[in-house]
Amino acid sequence: MSKLSEFRKSYELGELDEAQAADGPLALFTGWMDEAIAHDVSEPTAMTLATVGESGRPSTRVVLLKGCDERGFVWFTNYESRKGKELAHLPFAALQFHWVEMERVVRIEGRVEMTSAQESDDYFKSRPLDSRLGAWASPQSQPISSRAVLVANAAKAAVQHGLNPDRPPHWGGYRLVPDRFEFWQGRRSRLHDRLVFRLEANAWARERLAP
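Residues numbered from 1 in each chain as written. Predicted model: local features only at pLDDT ≥ 70, side-chain atom pairs only at ≥ 80, totals over all residues. Heavy atoms only, no water.

Note that Arg 132 resides in helix α4 (residues 129-137). Nearest to the buried, unbridged Arg 132 among oppositely charged side chains is Asp 166, at 8.3 Å. A distance of 3.0 Å separates the side chain of Arg 132 from the backbone oxygen of Arg 127, its partner in a polar contact. If near-sequence neighbours (up to four positions away) are discounted, Arg 132 is found in contact with Phe 124, Lys 125, Arg 127, Leu 163, Asn 164 and Pro 165. (Helix = DSSP H or I, 4+ residues; strand = E, 2+ residues; numbered from the N terminus. Buried < 20%, exposed > 50% of the residue type's maximum accessible area, 1.4 Å probe, protein only. Lys, Arg positive; Asp, Glu negative; His and termini not counted. Salt bridge = Lys/Arg side-chain N within 4 Å of Asp/Glu carboxyl O. Polar contact = N/O pair within 3.5 Å; in protein donor to acceptor, adjacent residues only side chain to side chain. Contact = heavy atoms within 4.5 Å.)

This is the structure:
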């Protein structure tokens, strides 16, 4: 731990200029995501989700992106979890993708809404059986006495719901509708590239920020 301040890295893998962002933030994001997948980045769809509770205290966790189009960015979770309760209180959030292997970060902010029941049902049916049963078994974010509680709950769910469990009413999707994107590309000498898009009057305004 005494050597933490000695860690250094020179960012030299890429650059980001305005020409690459000419088609807008969604096109740039999907292009970067495709490149991350093509380069075998570890967990390319993993994103940090930041929410704020009633006390004003922020919290973060990692979730997986399950959909992305002009409507927004989708993930699925337990609505009764801490993040679910915080989004019910304040339906705004921030997402961050960090593709270490490519020296890139994308930050996205916006309003959050629930996906339709049909979207949630369709995705739930596509999940492996163990994951579907797990959605019934885990009282997410609630204290439990031991792991044995989860194992017992999972066994009970398997008996109760069988091979085709329905989606629990407390489980489903969220969609972040973006109004701000930031793209960060590491560069040498800490002179990183940062391009920001802000939604203004239904159009994306772009500007470069100092690193």
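Text resumes after the structure shown.
All right, on to the environment of Pro 44 then. Along the polypeptide, Pro 44 turns up in the loop between α1 (25-38) and β1 (46-52). Take Pro 44: its relative accessible area is 17%, and that puts it in the buried class. The sequence separation of Pro 44 and Phe 97 amounts to 53 residues, and the corresponding C-alpha distance is 7.9 Å. What Pro 44 contacts, discounting residues up to four positions off in sequence, is Met 33, Ala 36, Ile 37, Phe 97 and Trp 99.

Right, let's talk about the nonpolar core for a bit. Of all hydrophobic cores here, the largest spans 30 residues; its most connected members are Phe 29, Trp 75, Phe 97, Trp 99, Ile 108 and Phe 183. Among the secondary structure elements, those contributing two or more residues to this core are α1, β1, β4 (72-78), β5 (92-99), β6 (104-114), β7 (171-185) and β8 (193-200). The element best represented in this core is α1, accounting for five residues. Here Ile 108 is in contact with Phe 29, Phe 73, Ala 93, Ala 94, Leu 95, Phe 97, Leu 176, Pro 178, Arg 180 and Phe 181, once residues within four sequence places are set aside. Listed in part, the five residues of the second largest apolar core include Phe 76, Phe 124, Ala 135 and Trp 171. (Core = buried A, V, L, I, M, F, W, Y, C linked by side-chain atoms within 4.5 Å.)

Here we come to the side chain of Glu 86. Of note, Glu 86 is situated in helix α2 (residues 82-89). Residue Glu 86 is classed as buried on the basis of its relative accessible area, which comes to 8%. In terms of polar contacts, Glu 86 uses its side chain to reach the side chain of Ser 59, at 2.8 Å. If sequence neighbours within four positions are ignored, Glu 86 has contacts with Thr 51, Val 52, Gly 53, Arg 57, Ser 59 and Arg 61.

Moving on, we get to the UniProt feature "binding site: substrate" (unreviewed entry) in the protein chain. UniProt records the feature "binding site: substrate" (unreviewed entry) at Lys 66, Tyr 123, Arg 127, Ser 131, Arg 190, Leu 191 and His 192, using the numbering of this structure. Taken together, the annotated residues stretch across 127 residues and extend over separate regions, lying up to 43.6 Å apart by C-alpha. Take Arg 190: it is sitting in the loop between β7 and β8. Leave out the neighbours within four places in its chain, and Arg 190 touches Lys 9, Tyr 11 and Pro 211. When neighbours within four sequence positions are excluded, His 192 is seen to be in contact with Tyr 11, Trp 184, Gln 185, Gly 186, Arg 187 and Pro 211. Among the polar contacts made by the side chain of His 192, one reaches the main-chain amide nitrogen of Arg 187 at a distance of 3.0 Å. (UniProt positions renumbered as here; feature names shortened; annotations may be inferred.)

Once that is clear, we can look at the pairing of strand β2 (residues 58-64). Residue alternation in β2 divides its side chains into a buried set, Ser 59, Arg 61 and Val 63, and an unburied set, Pro 58, Thr 60, Val 62 and Leu 64. When β1 meets β2, the two strands line up antiparallel, connected through seven bridges. Bridge pairing in β2 places Met 47 opposite Val 63. Hairpin connection from β1 to β2: five residues lie between these consecutive antiparallel strands, with Gly 56 at a positive phi of about 90°. (Pairing = 2+ DSSP bridges.)

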